[in-house]
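Spelled out, the chains give:
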Protein chains: 2
Amino acid sequence: MARLSDIIENFLKGLIIEEEGAVEIQRNELASKFNCVPSQINYVISTRFTAEKGYYVESRRGGGGYISIKRLNLDSAGDYLMHIITSIGDRITQFTSEVFINNFVDYNIIEVREAMIMKAATSDKVLADVPTEKRDDVRAAILKNMLMSLTVL
Amino acid sequence: MARLSDIIENFLKGLIIEEEGAVEIQRNELASKFNCVPSQINYVISTRFTAEKGYYVESRRGGGGYISIKRLNLDSAGDYLMHIITSIGDRITQFTSEVFINNFVDYNIIEVREAMIMKAATSDKVLADVPTEKRDDVRAAILKNMLMSLTVL
DNA sequence: AGTTTATAATAGTCAGAGAAAGTCAGAATC
DNA sequence: GATTCTGACTTTCTCTGACTATTATAAACT
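On a predicted model such as this, the values are computed, not experimentally measured, just so you know.

**What to know about the sheet that holds strand 3 (residues 66–71) of chain B**
Residues and elements named next belong to chain B.
Okay, so step 1: In space, the 3 strands of this open sheet follow the order 1-3-2, with antiparallel pairing throughout. The two strands at the open ends of the sheet, each matched to only one other strand, are strand 1 (22–25) and strand 2 (55–60). Neighbour-to-neighbour, the strand axes of the sheet open up by a mean angle of 15°, direction not taken into account.
Okay, so step 2: Relative to strand 3, strand 1 runs antiparallel, the two being bridged by 4 bridges. Looking at the pairing, A22 lines up with K70 of strand 3.

Set out below in structure tokens:
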């Protein structure tokens, strides 16, 4: 536990909790606080604050540069989404699909514009060329894949 | 975070909102307000008020010179979309579709999340159930309809 | 009065300095 | 052997200043 990386990791996690989900740091400043080389910060971030662990990291170089770390809200949106995705099944009608999409907006999972895009992508109109007996299958695949893409970011 | 460029950018954007879409400034005056060299203003404008970001900049030198910045009205984004929609044609491959979608992000027509949704909705994976010879037709219909939905709002 | 010329008042350009963060291979440690 | 740590080197973004280009206006000249 005396590993520097662990100490920095815990420090950052503490900060993230304090700041309620997101911090913005300066690499050099943090490095000098812990008396290490700046690249150590990169090491900590790349091993401890990965996407798989639910963090989203952005940075910018140059004067006034920074590194920002955000904790993704995987429990709320992500889990809920995954639950929905598995509950959709292999076929879905346009009507049911729209009900789902409207719910996502109500629950703040997606934006209004995103909802419009999703409805546009799953309408009967757009699937007119798909044989009737396959239409609801394709629609379910489209809807699920769109939702899946959101669990990533 | 204390980047001068950002401060000036925000100042100008605030002005643009106040003035409802267009401002006219004097380069030297603005520079002395922010205590920087005049060319800094050029830097801010060339990096933050680009055509891709929806701004139109004009200027004039000499006595009584000025720099004017106009925010392009949203209609033109819609026009741009309509132009693309009509140019897409009746069939499109997954690859070409992704190129288009990436362009929309570059031109600030859509958000990154929206792009992910669109890509998810037009992937080959999702259209696996559609007969091969119909696949590119369906994809074109989906893409166009998603874009159409954006021209409404 | 009309035209040319000089001067002052602007804005534009570009290369270089400065200020961050990123990378990666190798050393050190566990 | 895997993880951690280091440092030299790279890349990106910002800021500055010297120099250039353009325009308006006033002065000088027909």
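**Section: the domain arrangement of chain A**
Okay, so step 1: Here chain A is partitioned into domain 1 (4–71) and domain 2 (74–152).
Okay, so step 2: Computed from C-alpha atoms alone, the centre-to-centre distance between domain 1 of chain A and domain 2 of chain A is 35 Å.

**Let's talk about the interface of chain B and chain A**
Okay, so step 1: Counting residues at the interface gives 31 residues for chain B and 32 residues for chain A.
Okay, so step 2: In total, about 2800 Å² of surface goes out of reach between chain B and chain A, with carbon and sulfur atoms giving 62% of it.
Okay, so step 3: Area buried by chain B at its contact with chain A is led by B:R3, B:R113 and B:I117, which between them contribute 23% of it.
Okay, so step 4: Connecting chain B to chain A are 4 salt bridges.
Okay, so step 5: For B:K134, the salt bridge is made with A:D129, and the minimal N-O distance between the two is 3.9 Å.
Okay, so step 6: Summed over the shared surface of chain B and chain A, the number is 10 residue pairs in polar contact (both at pLDDT 80 or more).
Okay, so step 7: Mapped by element, the contributors of at least two residues to the side of chain B that touches chain A are helix 6 (112–121) and helix 7 (132–152) of chain B.
Okay, so step 8: No other element matches the 9 residues that helix 7 of chain B contributes to the side of chain B that touches chain A.

**Looking at the packing of helix 1 (residues 4–18) of chain A against helix 3 (residues 38–48) of chain A**
Residues and elements named next belong to chain A.
Okay, so step 1: Contact geometry for helix 1 and helix 3: axes closest at 10 Å, N-to-C directions at 70°. The angle between helix 1 and helix 3 places the two elements in the roughly perpendicular class. On the side of helix 1, the interface is formed by L4, S5, D6, I8 and E9, while helix 3 contributes Q40, I41, Y43, V44 and R48.
Okay, so step 2: A per-class count over the contact of helix 1 with helix 3 returns 5 nonpolar, 2 polar and 3 charged.

**Details of the packing of aromatic side chains**
Okay, so step 1: A complete count under the given rule lists 6 aromatic pairs over all chains for this structure.
Okay, so step 2: Seen from their ring centres, A:F49 and A:Y55 are 4.8 Å apart, and the 75° between their planes marks the pair as edge-to-face.
Okay, so step 3: Relative to B:F34, the ring of B:F11 has its centre 5.3 Å away and its plane inclined at 75°; by these criteria the two rings are edge-to-face. On the criterion of sequence distance, the pair formed by B:F11 in helix 1 (residues 4–18) and B:F34 in the loop between helix 2 (27–33) and helix 3 (38–48) is long-range, its members being 23 residues apart.
Okay, so step 4: Above the face of the A:F49 ring, A:K13 is positioned so that its terminal group lies 5.8 Å from the ring centre.

What counts and how
- Residues numbered from 1 in each chain as written.
- Chains lettered and ligands numbered in written order.
- Predicted model: local features only at pLDDT ≥ 70, side-chain atom pairs only at ≥ 80, totals over all residues.
- Heavy atoms only, no water.
- Pairing = 2+ DSSP bridges.
- Helix = DSSP H or I, 4+ residues; strand = E, 2+ residues; numbered from the N terminus.
- Axes fitted to C-alpha atoms, helices over the stretch in contact; angles between N-to-C directions.
- Domains from an automatic or database assignment.
- Contact = heavy atoms within 4.5 Å.
- Buried area = accessible area lost by both parts, 1.4 Å probe.
- Salt bridge = Lys/Arg side-chain N within 4 Å of Asp/Glu carboxyl O.
- Polar contact = N/O pair within 3.5 Å; in protein donor to acceptor, adjacent residues only side chain to side chain.
- Parallel < 35°, antiparallel > 145°, perpendicular 65-115°, else oblique.
- Nonpolar A, V, L, I, M, F, W, Y, C, P; charged D, E, K, R; others polar.
- Phe/Tyr/Trp six-rings, centres within 6.5 Å; stacked < 30°, edge-to-face > 60°.
- Lys NZ or Arg CZ within 6 Å of the ring centre and 35° of its normal.

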